[in-house]
Structure formats: structure tokens, C-alpha cells
Amino acid sequence: MRLCNIGNQQPVELLHLVRTIESCLGKRADIRLIPMQPGDVYETQASVDRLKEVTGYSPHVSIEDGIRRFVAWYLAEYLPLGLAEPPQFPLPLPVQSDHQSAPASIAGEG
């Protein structure tokens, strides 16, 4: 068995990811920015070299299209099951409106 990353090899800003999900759901997220935590990284990106080597496949779906497809799948599969609203757990996170850290990034693709 071989494990392979699947991504688009381009970093995506975390807030761009959140805004894209918001757009797909037609809802606004309750964003609470906090300082970087131990183990957080400023930027990551997937290397799909092994994936291409093993399968010949190179991902080509944009993050926006991948999120749109995922949200559509999620709503179609979970709304009928009554799982659309996850349990709410209060998180006592500090709200920091003037966040000074560099934006966190993620890599990925749908």
C-alpha cells in the first residue's frame, strides 16, 4: 500500500477557504482570530509527485470548485439524515480583531 497526497500544490489562505465555504452555504462564519499556536505553520502545500508517479493522475480541480462539489455532496447526503446541524459546544476563545500574525495557509483541493 502507498499513501499519496492529493492537492493542487498551491497554498490557499485559510480565510479564502472559509469565505469560499461561506459563499457555498450562504452563511457567515463566526471567526475568532487568535495568535498562532504551538505546532501551527504559516504555509503548507501538497506535493503530488508520488500520486502522479503511482497513478499517472495530476489533480486539476480548483479549491473553489472542490469546495462547491463537497458542500453539494454533504448537503445532499447529510440533510436527509437530519445531521445538518452539528452539536454546539461553547468555545471560550478570545476574540482578537486586530490580528497581527501572518495568515495561516492550507493546501488542498476537492
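Keep in mind it's a predicted model, so treat the numbers as computed, not measured.

Details of the confidence of the model for the chain
The predicted model of the chain averages 78 in pLDDT, with 74% of residues at 70 or higher. Averaged over each element, pLDDT in the chain is lowest for strand S2 (residues 105-107) (44) and highest for helix H1 (residues 14-25) (93). Here residues 97-110 scores under 50 on pLDDT; set against residues more than four positions off or in separate chains, the count is 40 contacts.

A word on the nonpolar core
Grouped together as the largest cluster of nonpolar side chains are five residues: Val12, Leu17, Ile63, Ile67 and Val71. Of all the elements, helix H3 (residues 63-78) adds the most residues to this core, at three residues.

What about the packing of H1 against H3?
In contact at an axis separation of 10 Å, H1 and H3 are set at 45 degrees when each is read in the N-to-C sense. Here H1 lies oblique to H3, going by the angle between them. Here the hand of the crossing between H1 and H3 comes out right-handed. Contacts from His16, Leu17, Thr20, Ile21, Cys24 and Leu25 in H1 reach Ile63, Glu64, Ile67, Arg68, Val71 and Leu75 in H3. Looking at the contact of H1 with H3 residue by residue, the class counts come to eight nonpolar, two polar and two charged.

Thresholds applied
- Residues numbered from 1 in each chain as written.
- Predicted model: local features only at pLDDT ≥ 70, side-chain atom pairs only at ≥ 80, totals over all residues.
- Heavy atoms only, no water.
- pLDDT = per-residue confidence, 0-100.
- Helix = DSSP H or I, 4+ residues; strand = E, 2+ residues; numbered from the N terminus.
- Contact = heavy atoms within 4.5 Å.
- Core = buried A, V, L, I, M, F, W, Y, C linked by side-chain atoms within 4.5 Å.
- Buried < 20%, exposed > 50% of the residue type's maximum accessible area, 1.4 Å probe, protein only.
- Axes fitted to C-alpha atoms, helices over the stretch in contact; angles between N-to-C directions.
- Parallel < 35°, antiparallel > 145°, perpendicular 65-115°, else oblique.
- Left-handed = near helix turned anticlockwise from the far one by under 90°.
- Nonpolar A, V, L, I, M, F, W, Y, C, P; charged D, E, K, R; others polar.

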